[in-house]
Structure formats: C-alpha cells, structure tokens
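Residue strings, one per chain:
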Amino acid sequence: MVFVVILLGAPGAGKGTQAERLAQRSSLPHVSTGDLFRANLSEGTELGKTAKTYMEAGNLVPDEIVLGMLFDRVAQPDCHEGYLLDGFPRTLPQAEAFDSKLDAGTNLVVFNLAVSDATIVKRAAGRLLCKACGNIQHAEFSPPKKDGVCDRCGGELHQRADDRPEVVRERLSVYHAETAPLVRHYENKGVLVSIDGERAPDEVFQDLDSRLEEHCQEGGPEARV
Ligand code: AP5
C-alpha cells in the first residue's frame, strides 16, 4: 500500500523544517515543489525560468506546470512505496488532480501546521537557507553558530528572494485565498490532523511524530479518492 503524507500550512509555517525531520524518521522521500522549482532555477532550466517570475512576485506557479513536475517526481522509483509532500497541493484543482491520480486504498494523512500570520511574518524575515545543502535556519530561532555559515555543512547561508516583507504579504494573501480551503477539503475526506505549529520546532516535531505513529498503528484511514 502506498503511504502519502501531506504537510499543509502557510508560507513559513515550518513545513520544510518538519518535513526534513519526518522524512528522516519515516524513510519516506521528501518532495517539496518549492525546492524542485528552486533546483530548476539554479540549473537555469526553462521550467525554472518560467517559475521564477511567479515565485519572486509571491504568486503561485500555474497548476498545469506544477502538476506535470510533481507527477514526474512521484513516478520515480524512490516514491513507489510512498512519499512526503511539502508545498503541494496548494489549490483545489491541484488537490483534485492529485486525488484522482491516487490508487484506491492509498494510505493518506494530511497534517495542517496551524500558525498565525504575525508569526509567519517574523519567521520569513529571519529565515536563512544554506546554498549548498538546503538546511533551514533562522536568525533568531535557530541562529547559526558562525554568522552566515550553515551549522550542518559549513555552506553559505542566504535569504530567499521571496522572503522580502512585501512578497511575504502577497504569499500570505494567496495562501488564504487559494490554499487555506484545502483544510476543509481534507477534513471532509476524514484524513486531516491539525497540529499547533506555534510551538518550538522540537515540540512540533514530537507531536507530528507521535500522530504519525498513531496513524500507522491504526492502519490509517484509507484515502477516499
Ligand atoms: P515553497 O518553497 O513551498 O514556500 P512556502 O510554502 O511559501 O513555504 P516556505 O518554504 O516559505 O515555508 P515553510 O513552511 O517550509 O517554513 P520553513 O520550515 O522554511 O514555495 C515557494 C514558491 O514556489 C511559492 O510561493 C510558489 O510561487 C511556488 N510553488 C511551490 N509549490 C507550488 C505549488 N504547489 N503550486 C504553485 N506554486 C508553487 O520555516 C520558515 C522559517 O521559520 C525558517 O527560518 C525556520 O528555521 C523557522 N521555523 C520553522 N519552524 C519554526 C518553529 N516552530 N519555531 C520557530 N521558528 C521556526
């Protein structure tokens, strides 16, 4: 049975931070559409160039582009037994297209990281990303031991272009209009678990980890797709 975990939440809610830890814990591959776009961007592909204009304005990349890229990624052999999605789906049409691709009986669980807008703005303002290994740190909440240097690999830390305050405001408004309705979509399917994302990263992780464990022990509700 394929096991799919989706992490929902506003930009900066902590999806990337938690997805990486959950992926390590569960051995599921971490599939982040934002990371896939950023990798395309740094490789200078056509896909990356197209995505760049949307990302830097805080807008969503059009559904057909996202869906093509995502379906290619999850068709790779490492995803055959399952995967952990971070940043996808982000619109109702994406969720519906994804639902229709899932095999009947897929074990699906959706964690919604609930975080206030005020916290989001603070987290984005201080986010630091490693250019070499993608490690996520924060100037205030997980400060690097040495200024500008990644704690994990010694690479260079930088700020994402879309973390400028005016872009974060736009991303938040797009989130409320397009992505927040997915909470109800997955609630109606009986697969949504809400997680308080305001707490410290370790506490959020412990909660996610035990809810995932609980879900696995119960066999998990089958996705009604
Ligand atoms: P993407 O990269 O997916 O960005 P996002 O969803 O906006 O989410 P973020 O990566 O900003 O935040 P996060 O929730 O992962 O938080 P993080 O763990 O980094 O997408 C970027 C763009 O690509 C989109 O705007 C769009 O244009 C495009 N795109 C991607 N997917 C798409 C799709 N499906 N459809 C259309 N377009 C798409 O944490 C943030 C900061 O807070 C970090 O510094 C971290 O250290 C800190 N932090 C995390 N947790 C805590 C905590 N509990 N306490 C204190 N600090 C914390």
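Residues numbered from 1 in each chain as written. Predicted model: local features only at pLDDT ≥ 70, side-chain atom pairs only at ≥ 80, totals over all residues. Heavy atoms only, no water.

Asks: It is not clear to me how the overall build of the protein chain should be interpreted in this structure. Could you clarify?
Replies: Scanning the protein chain for helices and strands turns up nine helices and eight strands. In terms of overall size, the protein chain behaves like a compact globule, its C-alpha atoms giving a radius of gyration of 17 Å where 225 residues would be expected to give roughly 17 Å. Its C-alpha atoms give the protein chain principal-axis dimensions of roughly 45 × 40 × 35 Å. By residue count, 47% of the 225 residues in the protein chain fall in the buried class. By sequence separation, contacts in the protein chain at least 24 residues apart represent 71% of the contacts at least 6 residues apart. Total accessible area on the protein chain stands at roughly 11100 Å², and carbon and sulfur atoms take up 50% of it. Between the mean site of the 25 positive side-chain charges and the mean site of the 35 negative ones, the protein chain shows a separation of 4 Å. (Helix = DSSP H or I, 4+ residues; strand = E, 2+ residues; numbered from the N terminus. Rg over C-alpha atoms; globule rule 2.2 N^0.38 Å. Buried < 20%, exposed > 50% of the residue type's maximum accessible area, 1.4 Å probe, protein only. Contact = heavy atoms within 4.5 Å. Areas by Shrake-Rupley, 256 points an atom, 1.4 Å probe, with all protein chains shown as cover. Lys, Arg positive; Asp, Glu negative; His and termini not counted. Charge placed at Lys NZ, Arg CZ, Asp CG, Glu CD.)

Asks: Got a minute to help me understand the sheet that holds strand 3 (residues 82-86) in this structure?
Replies: Through backbone hydrogen bonds, the strands of a sheet pair up, either in parallel or in antiparallel fashion. Strand order in the open sheet formed by five strands is 2-3-1-4-8, and the pairing between neighbours is parallel. Edge positions in the open sheet fall to strand 2 (30-32) and strand 8 (192-196), since each of these has one partner strand only. The sheet shows a mean angle of 20 degrees between the axes of neighbouring strands, direction not considered. With five bridges connecting them, strand 4 (residues 107-114) and strand 8 associate as parallel partners. Pairing of leucine 113 across the sheet is with isoleucine 195, part of strand 8. (Pairing = 2+ DSSP bridges. Axes fitted to C-alpha atoms, helices over the stretch in contact; angles between N-to-C directions.)

Asks: Before we go on, may I ask you to explain the environment of leucine 8 in this structure?
Replies: One can find leucine 8 in strand 1 (residues 3-9). Its relative accessible area of 3% is what places leucine 8 among the buried residues. A sequence separation of 159 residues divides leucine 8 from valine 167, and the C-alpha atoms of the two residues are 20 Å apart. Dropping the residues within four chain positions of it, leucine 8 is found in contact with Lys15, Pro89, Val110, Phe111, Asn112, Leu113, Leu182, Val183, Tyr186 and Leu192.

Asks: Can you walk me through the site of the ligand in this structure?
Replies: In the vicinity of the ligand lie 35 residues, with Thr17, Asn59, Arg90, Arg127 and Arg171 positioned nearest. Lysine 15 has a polar backbone atom sitting 2.9 Å from an oxygen atom of the ligand. Within the side chain of glutamine 94, an N or O atom sits 2.9 Å from a nitrogen atom of the ligand. With the chains in place, 96% of the 1000 Å² that the ligand exposes on its own is no longer accessible. Among the elements of the structure, helix 1 (15-26), helix 2 (33-43) and strand 6 (136-138) are those that each provide at least two residues to the shell around the ligand. Here the shell around the ligand takes four residues from helix 2, the largest share from any one element. Partitioned by chemical class, the residues of the shell around the ligand number 13 nonpolar, 13 polar and nine charged. (Near = heavy atom within 4 Å. Polar contact = N/O pair within 3.5 Å; in protein donor to acceptor, adjacent residues only side chain to side chain. Nonpolar A, V, L, I, M, F, W, Y, C, P; charged D, E, K, R; others polar.)

Asks: What am I meant to see in the environment of histidine 80 here?
Replies: Position of histidine 80 among the secondary structure elements: in the loop between helix 4 (63-74) and strand 3. For histidine 80, a relative accessible area of 52% puts it in the exposed group. Between the C-alpha atom of histidine 80 and that of methionine 1, which follows or precedes it by 79 residues, the distance is 9.4 Å. At 3.5 Å, the side chain of histidine 80 forms a polar contact with the backbone oxygen of alanine 75.

Without other data, these values stay purely geometric and don't point to any function.
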